[in-house]
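Spelled out, the chains give:
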Number of protein chains: 4
Amino acid sequence: MKVSVHKVQMNAPNDISGLRTVIESGQILDPNSIVAIMGKTEGNGCVNDFTRGYAVSSIQNYLKSVVTTPVEKDKVEEIVMVMSGGTEGVLSPHLTIFTVEEALMSSPNEVAGLTVGVHHTRDFLPEEIGTLAMVKVVAEGVKAAMESAMLYTGDNVHFVQIKCPLVTSSSSSSTSANGRPVTTDSYKSMAYSRAASALGAAVAVGELTLDQITNGTICADYSLYSSVASTSAGVELMNCEILVLGNSKSSMSEYVIGHSVMEHALDTASVERAMPSNGDKIVQVLAKAEADPTGRILGCRHTMMEDSDINHTRMARAVVGAVLAGAVKDPMIYVSGGAEHQGPSGGGTIAIIASKKKE
Amino acid sequence: MKVSVHKVQMNAPNDISGLRTVIESGQILDPNSIVAIMGKTEGNGCVNDFTRGYAVSSIQNYLKSVVTTPVEKDKVEEIVMVMSGGTEGVLSPHLTIFTVEEALMSSPNEVAGLTVGVHHTRDFLPEEIGTLAMVKVVAEGVKAAMESAMLYTGDNVHFVQIKCPLVTSSSSSSTSANGRPVTTDSYKSMAYSRAASALGAAVAVGELTLDQITNGTICADYSLYSSVASTSAGVELMNCEILVLGNSKSSMSEYVIGHSVMEHALDTASVERAMPSNGDKIVQVLAKAEADPTGRILGCRHTMMEDSDINHTRMARAVVGAVLAGAVKDPMIYVSGGAEHQGPSGGGTIAIIASKKKE
Amino acid sequence: MKVSVHKVQMNAPNDISGLRTVIESGQILDPNSIVAIMGKTEGNGCVNDFTRGYAVSSIQNYLKSVVTTPVEKDKVEEIVMVMSGGTEGVLSPHLTIFTVEEALMSSPNEVAGLTVGVHHTRDFLPEEIGTLAMVKVVAEGVKAAMESAMLYTGDNVHFVQIKCPLVTSSSSSSTSANGRPVTTDSYKSMAYSRAASALGAAVAVGELTLDQITNGTICADYSLYSSVASTSAGVELMNCEILVLGNSKSSMSEYVIGHSVMEHALDTASVERAMPSNGDKIVQVLAKAEADPTGRILGCRHTMMEDSDINHTRMARAVVGAVLAGAVKDPMIYVSGGAEHQGPSGGGTIAIIASKKKE
Amino acid sequence: MKVSVHKVQMNAPNDISGLRTVIESGQILDPNSIVAIMGKTEGNGCVNDFTRGYAVSSIQNYLKSVVTTPVEKDKVEEIVMVMSGGTEGVLSPHLTIFTVEEALMSSPNEVAGLTVGVHHTRDFLPEEIGTLAMVKVVAEGVKAAMESAMLYTGDNVHFVQIKCPLVTSSSSSSTSANGRPVTTDSYKSMAYSRAASALGAAVAVGELTLDQITNGTICADYSLYSSVASTSAGVELMNCEILVLGNSKSSMSEYVIGHSVMEHALDTASVERAMPSNGDKIVQVLAKAEADPTGRILGCRHTMMEDSDINHTRMARAVVGAVLAGAVKDPMIYVSGGAEHQGPSGGGTIAIIASKKKE
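Cut-offs applied
Residues numbered from 1 in each chain as written. Chains lettered and ligands numbered in written order. Predicted model: local features only at pLDDT ≥ 70, side-chain atom pairs only at ≥ 80, totals over all residues. Heavy atoms only, no water. Least-squares fit on C-alpha atoms with pLDDT ≥ 70 in both. Contact = heavy atoms within 4.5 Å. Helix = DSSP H or I, 4+ residues; strand = E, 2+ residues; numbered from the N terminus. Expected span 1.5 Å × (residues − 1). Buried < 20%, exposed > 50% of the residue type's maximum accessible area, 1.4 Å probe, protein only. Buried area = accessible area lost by both parts, 1.4 Å probe. Polar contact = N/O pair within 3.5 Å; in protein donor to acceptor, adjacent residues only side chain to side chain. Salt bridge = Lys/Arg side-chain N within 4 Å of Asp/Glu carboxyl O. pLDDT = per-residue confidence, 0-100. Nonpolar A, V, L, I, M, F, W, Y, C, P; charged D, E, K, R; others polar. Pairing = 2+ DSSP bridges. Axes fitted to C-alpha atoms, helices over the stretch in contact; angles between N-to-C directions. Parallel < 35°, antiparallel > 145°, perpendicular 65-115°, else oblique. Left-handed = near helix turned anticlockwise from the far one by under 90°.

### Some words on the relation of the copies chain A and chain B
Next up, step 1: Each copy of the sequence occupies a distinct position, and chain A is placed on chain B by a rotation of 180° and an axial shift of 0.0 Å, giving an RMSD of 0.0 Å. Seen this way, the second copy is the image of the first under a two-fold rotation axis. Measuring from the rotation axis to each C-alpha of chain A, the shortest distance belongs to V323 of chain A, at 2.6 Å.
Next up, step 2: An overlap of 100% is found between the interface residues of chain A and their copies at the interface of chain B, pointing to a shared contact surface.

This is the structure we're talking about:
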């Protein structure tokens, strides 16, 4: 198994020129080696952000045009696509493309390399979203993705990206007589879904045990959190799509990943803590951001929660994006909003993919 | 002369509780020792930001209520009030209060201390705003403020804050037959006024000479800039109000100031360069911010100029505010938008007030 | 009793020039005859709208400067001030000033005239806000205001404006061991407070009976509503301030009021239904607006609820403001957002003050 | 020639379910009969509105999937697609689809029917955009479109929709040595392009003569305007795409069109004036909207120009959309922003397509 990472700029949500370049130049020899694409697109990252769907549709159309057989076209649909809206401030729209190629290894590497695993869970009923039932299914799904990545212990997992469903007005009305969704407010259901997914990841990697979690702790007890989860809800699916990144000696990758948490939005030291090891060259930063719900940061009042003109998730991305881009001197990083149970309250998870230093 | 600096939090634009505390507690013994107040208020920092006026009106009402004689009440009106709207991201609403007390000194200090000077220029005609004529008057005004601060060479000047007028629809219609304003667009005239004021400061401190500047270079040739100017336009005045900060051995202040420029919005190293000297404790950071007008930062596309939902000046403050607050671990700093000729294009000026390290 | 109505334009939240004109010109002979001022100010009408407070502070400062005795200055504080933020679209910032003068009447008028009553309730505990307990206290308060307006039956009441409190993070933390507020989310508590206040008004004027209302119906069963209530929540008070407008033969006013409801935001015919009688000249329209919570209007999808860039209350005011201003050809009307239990769901209450046609 | 009009709702920018229904149900028998589609999509209608492109791409993908031959697929690309972003307030996202079928007529109709003509001009150089040169080319193009619609005099033309190019930073840098664009500000160049296009239409239909127009009158003398033009600029083309609607006795259409102008945003009477004739049933309203640039409407101040949180074009659409939807009781109408030289200043053009009353 040989895992590679390609990062390309986007000039618009439908701009596939960067993807085309890495394919036409042969950097990606086989488009069907792509297993996942994570992107930042330039919408508002909130309910009426159509840049995510536009990007996915543009990428799929392009990839289907460069493969030849119907089987290959079907495989394009299976690529895990995680588009995160919102490039506020200095954040720069881009795609991070993960490829996996078969590779023969005579013996395990001395230094572990980046490995990738994906899994699609079953569909959820509206009344399951944001509940303990979802936590359990996600936990199993993350374990399955870990296995496909040859990651057999949670210690080697550094990032778990989960795309999860939400309760829409149409789906909530179709719930069975037995069940009622946690909330019928679409925007809120996104938070519950992200929360349950994050807690599921925490269980899978061993950060929490299932008996610590009840329906009452979801979106309530933020002392329970995962240090590796990054979850985002979207209207376009009813199941969870899971992408696990970690390090394995069975991987021939020249890349490696590390992680940490940001204790708060200005925690610049988290970058150093998340570095896989000294001397590596940072390729990508993956982080979650949120406006501190207490309304204070480092003891001072912030106004993000009371600004009725700009959604606080937008400002949180601008802040954490600027802080991390300033630290690594690269604005083409992945910072996504809504960090329920993903890192400490007011902070968030952070992972760094680096290319290994040359010996 | 003894200059002191007090920084207090604001819970709303009309919240004078912090100011009241420093007065009632005796930290400021005489309200009439206040010469200038710089504040960050929580409006949008753009045209319809009424938080600036509300703060000024609330502060003046309060100060007039704590002094006793009519002469003292009149002196309240003379305090230079620079309210900058916009506390996007982590920026925390606050006031920085400068006081000057008479003090006897037997001999000059070994180490120079913070000194403050103020000056009010004459009113400008609408057709002068943003022109070479304004540059000249401002240059003379800054020199006058420097003298009142006992700063006789530009080298010792580290920060020149100028509040300047703009062209309104009513003022532009009253222009004489001889003259036409540079622009009749109010929003644009703010940029021209800030630009001419900044260039005036550059001339006063010797960074530029008058013959380098023509009407054609204002808001056009951004290779010409001041490293100490911070200018902001407001509808409430037709003259310029100037506040100069520098260091002088004739000042007994326990504070000291330094400055530098940010080369770009992510220039975290600028903080170290702006430090007065090693070991000092940072009290306040004063910086200007702008979205890089090329649409790129560190070679990557940013989307601030094309976001029609959020004004780019708001995002620029969020970014630079987060970067600097992250560097000094204090969100109660002064970051203001619109940096024409104030530091390099895409960057801005930065000054740091510190309390001297104890020997 | 002689009730008069004055409408003046505002050029900014702190612009009192219109008020000054009606006082200095003698249209209002005695500033202490002012009992209530309703205004539209140009903020966002949401949480961080400081134009309301700025307007109130500016008006109070001015009125205190034109009266002479301390008793009169105290009376200024008692004027009911209802500032509603948000002049989206064509809505034009203005003040509507209500004055009451003593007047001798030999016999009741043939045609009833405009009458005004005010009442201040007791303060509410945080845990009472938005509950049945609040409904009861408001109902009694509205009845008291009606009596002071010489309105002894609900039939003659056409408009009940109530300014009500909300639960803030500080107030919610100070609740007693016995009680918990309905919600600790400040923004939501505004809706609950408006809702309970509107239902209280409905009880007072006989539209509903107390036994129709439970804690469970508040903000839930919108088939229960008042046709005369207009309520708005504000952080600056813990009690309710009530202004009742109606018609009475005991009033010598040359003005008269009528009301109706808008069935939906495009219900232009509501203007005619709300007219006191044919031939009257419209002086002021007072209406409530909301984005239809079903997401549809006249069978078509609207996008106000999903627009994460602009709050739907802002768009609702723009829509209803344009529809009513287009109908009466006057943009200086009072349209306020958040219409829970105030008119049918998706619509709102509407009242029209007119000057009686000359016989 | 038989012209038909179909109006279908959109649930999202990429929702083609309405279009599919009219095709699968046989209301549109031949997809290749579609000559033009005008749509309202739910973006912000400003620079970073990607909903327009997403809709066009989704529609084209769908139409290409339902036709069979390569020639037919090519014809899909020729359909004039005018997507206008911005469904503020009650405006409801939808598509208006124009089809033209061959039809045998023994003799001209007694009553003229709706007719449609399209034309694509040559590409413009960046330095031509917004100039007299563009006016001339557009005038010829509109005449060509009129001829293809069998409209031989301007009297029978009621609506001229033009999609026009703008100056981008890349295109402006590629201008020849001889020419410089009117402006290098992309947002402003949109206004100049719309203006020159509107004036070109005015010349073609005989409202203005070419000698009334100079480069100096474009975007300056708004007393010169067309009563039938509706123009919108987009980054995706360098030529103009023209759609002309009018009435002709040679058309067998059961539809008919009329037009007028709105004198101001609250001109509700314009609907009646624009009606083709009494008794017809309104099918679609097509109107242009702008915030009155004087800052006043019906003598009262509006705040749309000074609101730095919401672009005034968004509010203008909300206002005119509400006023017209209120008048015709249909929120699924076409209201587009930016009305330079399209109707009187502060107002705009309005056209109404109706189905003829049955005899």
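Structure shown, so let's carry the discussion forward.
### Points about helix α8 (residues 312-328) of chain B
Residues and elements named next belong to chain B.
Next up, step 1: Look at α8: 24 Å from first C-alpha to last across 17 residues, which is about the 24 Å you get at 1.5 Å a residue.
Next up, step 2: Among the 17 residues that make up α8, 15 are buried, leaving the element largely enclosed by the rest of the structure.
Next up, step 3: Following α8 by one or two positions, K329 adopts a phi angle in the positive range, close to 55°.

### Things to note about the interface of chain C and chain B
Next up, step 1: Taken together, the contacts link ten residues of chain C with ten residues of chain B.
Next up, step 2: With both chains or domains summed, chain C and chain B bury close to 820 Å², and 65% of this area falls on carbon and sulfur atoms.
Next up, step 3: Per-residue buried area on chain C facing chain B is highest for F50, Y54 and D309 of chain C; these three make up 61% of the total on that side.
Next up, step 4: Counting across the chain C and chain B interface gives two residue pairs in polar contact (both at pLDDT 80 or more).

### Some points on the pattern of salt bridges
Next up, step 1: Overall, the coordinates contain 48 salt bridges over all chains when judged by the stated rule.
Next up, step 2: Salt-bridge contacts for R314 of chain B lead to D309 of chain D; the nearest nitrogen and oxygen are separated by 3.4 Å. Here the residue R314 of chain B occupies a position in helix α8, and D309 of chain D occupies one in the loop between β12 (300-301) and α8 (312-328), the pair thus bridging two chains. Side by side, R314 of chain B and D309 of chain D carry an identical accessibility label, which is buried.
Next up, step 3: R314 of chain D serves as the salt-bridge partner of D307 of chain C, at 3.3 Å between the closest nitrogen and oxygen. Placement of D307 of chain C in the loop between β12 (300-301) and α8 (312-328) and of R314 of chain D in helix α8 is noted, with the two residues assigned to different chains.

### Thoughts on the confidence of the model for chain A
Next up, step 1: Here chain A shows a mean pLDDT of 94. Residues at 70 or above account for 97%.
Next up, step 2: In the model output, the complex is listed with pTM 0.95 alongside ipTM 0.94.

### Comments concerning the interface of chain A and chain B
Next up, step 1: Counting from both sides, the interface comprises 39 residues of chain A and, opposite them, 39 residues of chain B.
Next up, step 2: For the chain A and chain B pair, buried surface summed over both sides reaches about 2,900 Å², with 61% attributable to carbon and sulfur atoms.
Next up, step 3: Counting the surface chain A buries against chain B, the share from its top three residues, V90, L266 and R301 of chain A, is 20%.
Next up, step 4: Viewed at the interface, chain B and chain A are joined by four salt bridges.
Next up, step 5: Joining chain A to chain B, the criterion identifies 16 residue pairs in polar contact (both at pLDDT 80 or more).
Next up, step 6: Of all the secondary-structure elements, those providing two or more residues to the side of chain A that touches chain B are β11 (296-297), β12 (300-301) and α8 (312-328) of chain A.
Next up, step 7: Per-element tally for the side of chain A that touches chain B: the top contributor is α8 of chain A, with eight residues.
Next up, step 8: Classifying every residue of the side of chain A that touches chain B gives 19 nonpolar, eleven polar and nine charged.

### A look at the pairing of strand β4 (residues 94-101) of chain B
All names here are of chain B.
Next up, step 1: Of all the eight residues making up β4, six are buried; the element is thus mostly covered by neighbouring parts of the structure.
Next up, step 2: Note that strand β1 (residues 2-9) and β4 share eight bridges and pair antiparallel. Each bridged residue has a counterpart across the sheet, and for H6 the counterpart in β4 is I97.
Next up, step 3: Across six bridges, the pairing between strand β2 (residues 34-41) and β4 is antiparallel. Looking across to β4, one finds that M38 is bridged to T96.

### Comments concerning the packing of helix α2 (residues 51-66) of chain C against helix α3 (residues 70-78) of chain C
To describe two helices that pack against each other, one gives the angle between their axes and the distance between the axes.
Residues and elements named next belong to chain C.
Next up, step 1: It is at 9 Å that the axes of α2 and α3 come closest, and there the two elements cross at 155°. Classified by the interaxial angle, the pair formed by α2 and α3 is roughly antiparallel. Considering how the two elements wind past one another, α2 and α3 form a crossing that is right-handed. Contact with α2, carried on its side by Q60, L63 and K64, involves K73, V76 and E77 of α3 and no other residues of that element.
Next up, step 2: Of the residues contributing to the contact of α2 with α3, the split by class is two nonpolar, one polar and three charged.

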